[in-house]
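Residue strings, one per chain:
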Amino acid sequence: MKRFWVYIFCICLATGAQAQIHEIGVFMGGSNFIGDVGATDYIKPKEPAYGIMYRWNKSPRHSWRFSYIQSNLAADDADSEIEARQERNYHFNNLVREFSAGLEFDFFNFDMHDSKPQATPYVHTGLSYIMYDGLYFDNGKDKSYGSRSSFAIPMTVGFKGRIFDIFVLGFEVGARATFRDDIDGSNPSGTKYKAAKFGNLTSKDWYTFTGFTLTYTFGDRPCFCAQ
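Residues numbered from 1 in each chain as written. Predicted model: local features only at pLDDT ≥ 70, side-chain atom pairs only at ≥ 80, totals over all residues. Heavy atoms only, no water.

## Description of the pattern of salt bridges
Just so we agree on the cut-off: The term salt bridge refers to a side-chain nitrogen of Lys or Arg lying within 4 Å of a carboxyl oxygen of Asp or Glu. For helices the rule is a DSSP run of H or I covering at least 4 residues; for strands it is a run of E covering at least 2, with both sets numbered from the N terminus onward. Exposure classes here rest on a 1.4 Å probe applied to the protein chains alone. A residue is buried below 20% of its type maximum, exposed above 50%, and partly exposed in between.
Scanning the entire structure with this criterion turns up twelve salt bridges. A salt bridge links lysine 160 to aspartate 106, with the nearest nitrogen and oxygen atoms 3.2 Å apart. With lysine 160 in strand 6 (residues 141-163) and aspartate 106 in strand 4 (residues 91-106), this residue pair connects regions lying 54 residues apart in the sequence. The pair formed by lysine 160 and aspartate 106 is uniform in burial state, with each residue classed as buried. Put simply, aspartate 182 and arginine 180 hold a salt bridge, and the shortest N to O gap is 3.3 Å.

Pasting the structure below:
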């Protein structure tokens, strides 16, 4: 009976420790915009993107994920394959700052307590809060009509693996579906800018972050009880 309770105690400690495995690190990569200005490529990093991220590994198959990433979203009609956009010749730059919270799901067990090599593809989604400048075009030049904020849905696919036991290196592509259409200046809010609207006014702006993640793992290890 005494040994039974020792085993139960060790199982509880192991479960609690597993819930305390954390990761903190950085994202480094690039961004590209998908909307009414510039090229229509879905994945074509154009401007640097960087940020910080945190994972709370709740099990070998899923973790809660939080991040902050920023990038200067930019697009140029000269890069488009659409002739009408080339003739219009608009271009814009807009600094976007994004805070995200969501769930990451691993296709294979990614057990930070296992000494064997660990690697898995994963998907991630959740909710992002973005801050940017609302833009409009005046005589072909992009201008800001004030700071704006909105929400976006991140949809990420990636692959990650553990290196040197305490680091996790990953590569991912994440698309963001926003609820706004004025990041590129095509659909500014308010009747004042009604004449400045152009493009597909029923389609919202998208952007993607493509790059590498590197995180450092920390937290208690599970106990190993003597038999």
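Structure's up, so let's keep going.
## As for the packing of aromatic side chains
Formally: Two rings from Phe, Tyr or Trp (for Trp, the six-membered ring) form a pair when their centres sit within 6.5 Å of each other. Planes less than 30 degrees apart are called stacked, planes more than 60 degrees apart edge-to-face, and all others tilted.
Applying the stated criterion across every chain yields a total of 16 aromatic pairs. Ring centres 4.2 Å apart and planes at 10° place the aromatic pair tyrosine 90 and phenylalanine 137 in the stacked group. In this pair, tyrosine 90 is assigned in the loop between helix 2 (83-88) and strand 4 and phenylalanine 137 in strand 5 (residues 119-138), connecting sequence segments 47 residues apart. You can call tyrosine 90 buried: its relative accessible area is 19%. For phenylalanine 137, a relative accessible area of 8% puts it in the buried group. On the numbers, 5.3 Å between centres and 75° between planes, the contact of tyrosine 90 with phenylalanine 198 is edge-to-face.

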